[in-house]
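Spelled out, the chains give:
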Amino acid sequence: MSMADYKESGNIQETPFGYTLSVVGGKWKMLILYLLAESQPVRFNEMKRMIGAITFKTLSSQLKELEADGMVIRKEYPQIPPKVEYSLTHKANTLLPVLEQFCDWGEKNRNN
């Protein structure tokens, strides 16, 4: 679907672009996906340390949304203390080439 199709429907949320933004949009989701792509599985507290500025509540919320959208797998181990690990789904792995393109763009344009 192109931008011309968006103009016909009048609602960008109904386009593939709108869907993609609903899944990965926001301040933290792409960063979480990138971190999981670099090293997975990752435990919750480890991810919090890697990101730094995110609150526990926000990280938890973003992970739940990514899980609901089929991008993240949450694996809980029945032990004390509780252990939870996160990793990417196949669906999320198909997005990794796009994230690499974002990195390439940032490298080329960071100092311009």
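Let us look at the structure shown here. Throughout, a residue's number is its position along its own chain's written sequence, starting from 1. The predicted nature of this model means local features are confined to residues of pLDDT at least 70 and side-chain atom pairs, given and counted, to a pLDDT of 80 or more, with totals for whole chains, interfaces and linings taken over all residues. With hydrogens and water excluded, all non-hydrogen atoms of the structure serve as input to the side-chain values.

## Some points on the overall build of the chain
Thought 1: Looking only at helices and strands, one finds 7 helices and 3 strands in the chain.
Thought 2: Walking the chain from its N terminus toward its C terminus, one meets helices and strands in the order α-α-α-β-α-α-β-β-α-α.
Thought 3: Counting only C-alpha atoms, the chain reaches 55 × 35 × 25 Å along its principal axes.
Thought 4: Accessible area is worked out with a 1.4 Å probe on protein chains only. A residue is then buried under 20% of its type maximum, exposed over 50%, and partly exposed in between. Taking all 112 residues of the chain together, 28% fall into the buried category.
Thought 5: Pairs at least 24 apart in sequence give 46% of the contacts found in the chain among residues at least 6 apart. Every helix listed is a DSSP run of H or I at least four residues long, and every strand listed is a run of E at least two residues long, numbered separately from the N terminus. We call two residues contacting when some pair of their heavy atoms lies within 4.5 Å.

## A short note on the pairing of strand 2 (residues 72-77)
Thought 1: Two strands are said to pair when DSSP picks up at least two bridges between them. As paired strands, strand 2 and strand 3 (residues 83-88) are joined by 6 bridges and run antiparallel to one another. Residue pairing in the sheet places arginine 74 in a bridge with tyrosine 86 of strand 3.
Thought 2: Linking strand 2 back to strand 3 in an antiparallel pair, the connection comprises 5 residues.

## Some details on the sheet that holds strand 1 (residues 42-43)
Thought 1: Taking strand neighbours across the sheet as the criterion, the 3 strands line up as 1-3-2 in an open arrangement whose pairing is antiparallel. This sheet does not close on itself; its edge strands, each paired only once, are strand 1 and strand 2.

## Observations regarding the packing of helix 3 (residues 29-38) against helix 7 (residues 96-109)
Thought 1: One can describe the packing of helix 3 onto helix 7 by two numbers: an axis separation of 11 Å at closest approach and a directional angle of 105°. As the angle between them shows, helix 3 and helix 7 are arranged roughly perpendicular. On helix 7, the residues that touch Met30, Leu33, Tyr34 and Ala37 of helix 3 are Leu96, Leu99, Phe102 and Cys103.
Thought 2: Per-class residue counts for the contact of helix 3 with helix 7 are 8 nonpolar, no polar and no charged. Here an angle of 0 to 180 degrees is reported between the N-to-C directions of two axes, which are lines fitted to C-alpha atoms, with helices fitted over the stretch in contact. Oblique is the label for any angle not under 35 degrees, not over 145, and not in the 65 to 115 range, which are roughly parallel, roughly antiparallel and roughly perpendicular in turn. Residue classes follow a fixed rule: Ala, Val, Leu, Ile, Met, Phe, Trp, Tyr, Cys and Pro count as nonpolar, while Asp, Glu, Lys and Arg count as charged, and any other residue, Gly among them, counts as polar.

## What to know about the packing of helix 2 (residues 16-24) against helix 3
Thought 1: Relative to each other, helix 2 and helix 3 sit at 70°, their axes nearing to 8 Å. With respect to each other, helix 2 and helix 3 are oriented roughly perpendicular. Contacts between helix 2 and helix 3 pair Ser22, Val23 and Val24 from the former with Lys29, Met30 and Leu33 from the latter.
Thought 2: Across the contact of helix 2 with helix 3, the residue classes tally to 4 nonpolar, 1 polar and 1 charged.

## Regarding the nonpolar core
Thought 1: Take the buried Ala, Val, Leu, Ile, Met, Phe, Trp, Tyr and Cys residues and link them wherever side-chain atoms come within 4.5 Å; each set so joined is a nonpolar core. Counting 23 residues, the largest nonpolar core has Ile32, Leu33, Met47 and Met71 as its most contacted members.
Thought 2: When contributions to this core are tallied by element, the ones reaching two or more residues are helix 2, helix 3, helix 4 (44-51), helix 5 (56-68) and strand 3.
Thought 3: If we skip the residues at most four places from it in the chain, methionine 71 touches Val23, Val24, Leu33, Leu66, Ser87, Leu88, Thr89, Lys91, Ala92 and Leu95.

## A few points about helix 4
Thought 1: Among the residues of helix 4, Phe44, Met47, Lys48 and Ile51 are the ones counted as buried. Axial view of helix 4: buried residues confined to an arc of 105°, hence all on one face.
Thought 2: Buried residues in helix 4 make contact with helix 3, strand 1, helix 5 and strand 3.
Thought 3: Following helix 4 by one or two positions, glycine 52 has its phi on the positive side, about 85°. Directions are taken from the helix axis to each C-beta atom, and the arc is the one they span.

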